[in-house]
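Structural overview for review
Single-letter residue listing:
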Amino acid sequence: MNPEAVLEEFRSAGALLQGHFILSSGRRSPTFLQKMTIFSDPARTERLCKALAATITARFGKIDIVVSPAIGGIVPGYETARHLGAKAIFVERDPGGPFELRRGFSIPQGTRAVIVEDIVTTGLSARECLASLKGQGGEIVGAACLIDRSGGRGEIGLPLLSLVTLDIPDYAPDAIPPELAAIPPVKPGSRAIPTK
C-alpha cells in the first residue's frame with residue numbers, strides 16, 4: 001500500500017481533519033488524525049495493518065511478539081500481530097505512572113519483538129514503551145506505526161518504520177500563527193473525555 005492509498009483511507013473515513021486542534025501534548029496543529037475512526041472499521045484496519053505487517057517483515061524479518069502502548073496502540077498492535085503470525089501484548093500504566101508489562105505478559109529470551117504504535121507525533125509513547133521493556137529477555141528490533149506525523153523527527157531509540165511520513169506543523173500555545181489563532185480550537189483526542 002503506497003502512502004497516497006494510506007492517506008486516502010484516512011480521508012475517506014473522515015479521519016484526516018483540518019482546523020485548529022489542541023494535541024494531547026498541549027501543542028496546537030492545523031491537522032488532526034482521528035485514528036479511532038479508522039479502528040472502528042475492521043476492514044479498513046485490516047488493510048492498513050496488513051500493509052504495516054508487510055513493511056515490518058521486509059525490514060526486520062520474522063517477528064515473534066508485537067508490543068504496543070495502551071490504549072491507542074492495542075488495536076493496530078493486535079491486527080498487525082495477526083498478519084505477522086505473532087503474539088500481541090501491550091504495556092499499560094496507572095494514571096500518572098510509567099508504562100509496564102502486566103497480565104503475565106513478557107518478552108522471553110530468544111524472541112524478537114517490535115513496538116507497534118498508531119500515530120507517532122513526538123515518539124514519547126514509543127520511548128516510554130521501550131523503557132518499560134528493559135530487562136526483558138527478548139530483542140526489541142524496531143518500532144512501526146501507521147503514520148509518522150513528525151516528519152521523521154520523532155526519536156524513539158530504535159529504527160522507526162511507517163506507512164506514511166508527514167511533516168505536520170504543530171505550535172506552542174503562545175506561538176500560534178495568526179491564521180490558526182483565528183479558528184476556535186478543539187481538543188478531539190480521548191484525553192479530552194471527562195472521567196467520572
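Residues numbered from 1 in each chain as written. Predicted model: local features only at pLDDT ≥ 70, side-chain atom pairs only at ≥ 80, totals over all residues. Heavy atoms only, no water.

1. Things to note about the overall build of the chain
Counting its regular elements, the chain contains six helices and eight strands. Helices and strands in the chain line up, N terminus first, as α-β-β-α-α-β-α-β-β-β-α-β-β-α. Over its C-alpha atoms the chain spans a radius of gyration of 17 Å, differing by no more than 12% from the 16 Å that the globule rule assigns to 196 residues. Expressed along its principal axes, the backbone C-alpha trace of the chain runs to roughly 55 × 35 × 35 Å. (Helix = DSSP H or I, 4+ residues; strand = E, 2+ residues; numbered from the N terminus. Rg over C-alpha atoms; globule rule 2.2 N^0.38 Å.)

2. Looking at the packing of helix α3 (residues 42-60) against helix α4 (residues 74-84)
Close contact between α3 and α4 brings their axes to 8 Å; oriented N to C, the two are set at 60°. As summarised for this structure, α3 and α4 are arranged oblique, according to the angle between their axes. Handedness of the α3/α4 crossing: right-handed. Taken together, the residues of α4 that come into contact with α3 (itself represented by Thr45, Glu46, Cys49, Lys50, Leu52, Ala53, Ile56 and Thr57) are Val75, Pro76, Glu79, Thr80, Arg82, His83 and Leu84. Classifying every residue of the contact of α3 with α4 by side-chain character gives seven nonpolar, four polar and four charged. (Axes fitted to C-alpha atoms, helices over the stretch in contact; angles between N-to-C directions. Parallel < 35°, antiparallel > 145°, perpendicular 65-115°, else oblique. Left-handed = near helix turned anticlockwise from the far one by under 90°. Contact = heavy atoms within 4.5 Å. Nonpolar A, V, L, I, M, F, W, Y, C, P; charged D, E, K, R; others polar.)

3. A few points about the pattern of salt bridges
With the rule as written, the count across this model stands at 14 salt bridges. Where Arg47 meets Glu9, a salt bridge forms, and the shortest distance between an N and an O atom there is 2.7 Å. Taken together, the residues span a long stretch of sequence, with Arg47 in helix α3 and Glu9 in helix α1 (residues 3-12) at a distance of 38 residues. With a closest N to O distance of 2.8 Å, Glu128 and Arg93 form a salt bridge. Taken together, the residues Glu128 in helix α5 (residues 124-132) and Arg93 in the loop between β4 (87-92) and β5 (100-101) connect sequence positions 35 residues apart. Members of the salt-bridge network, linked through shared partners, are Glu9, Asp41, Arg44 and Arg47. (Salt bridge = Lys/Arg side-chain N within 4 Å of Asp/Glu carboxyl O.)

4. Some thoughts on the pairing of strand β1 (residues 16-22)
Both β1 and strand β2 (residues 28-33) contribute to a ladder of five bridges, which runs antiparallel. If you follow Leu16 over to β2, its bridge partner there is Leu33. (Pairing = 2+ DSSP bridges.)

5. A look at the sheet that holds strand β3 (residues 65-69)
Strand order across the open sheet formed by six strands is β5-β4-β3-β6-β7-β8, with mixed pairing between neighbours. The outermost strands of the open sheet, each flanked by one partner alone, are β5 and β8 (160-165). Inspection of the sheet shows β3 paired to strand β6 (residues 112-120) by three bridges, in the parallel sense. Residue pairing across strands places Val67 opposite Ile115, the latter belonging to β6. Packing against the sheet, α5 makes contact with β3, β4, β5, β6 and β7 (139-148), and its axis sits at approximately 155° to β6.

6. Quick word on the confidence of the model for the chain
When pLDDT is averaged along the chain, the result is 91, and 96% of the positions lie at 70 or above. Scored below 50 in pLDDT, residues 192-196 makes one contact in the model with residues more than four places away or belonging to other chains. (pLDDT = per-residue confidence, 0-100.)

7. A closer look at the packing of aromatic side chains
Here a ring pair, both rings aromatic, is described through the centre-centre distance and the interplanar angle of the planes. One pass over the structure, following the stated rule, counts two aromatic pairs. Both rings, one in Phe21 and one in Phe32, keep their centres 5.7 Å apart while their planes meet at 40°; by these two values the pair is tilted. Taken together, the residues span a long stretch of sequence, with Phe21 in strand β1 and Phe32 in strand β2 at a distance of 11 residues. Taken individually, Phe21 and Phe32 each receive the classification buried, so the pair is uniform in this respect. Ring centres of Phe90 and Phe105 lie 5.2 Å apart, and the angle between their planes is 75°; this geometry places the pair in the edge-to-face category. Residue Phe90 is located in strand β4, and its partner Phe105 is located in the loop between β5 and β6; the two are separated by 15 residues in the primary sequence. (Phe/Tyr/Trp six-rings, centres within 6.5 Å; stacked < 30°, edge-to-face > 60°. Buried < 20%, exposed > 50% of the residue type's maximum accessible area, 1.4 Å probe, protein only.)

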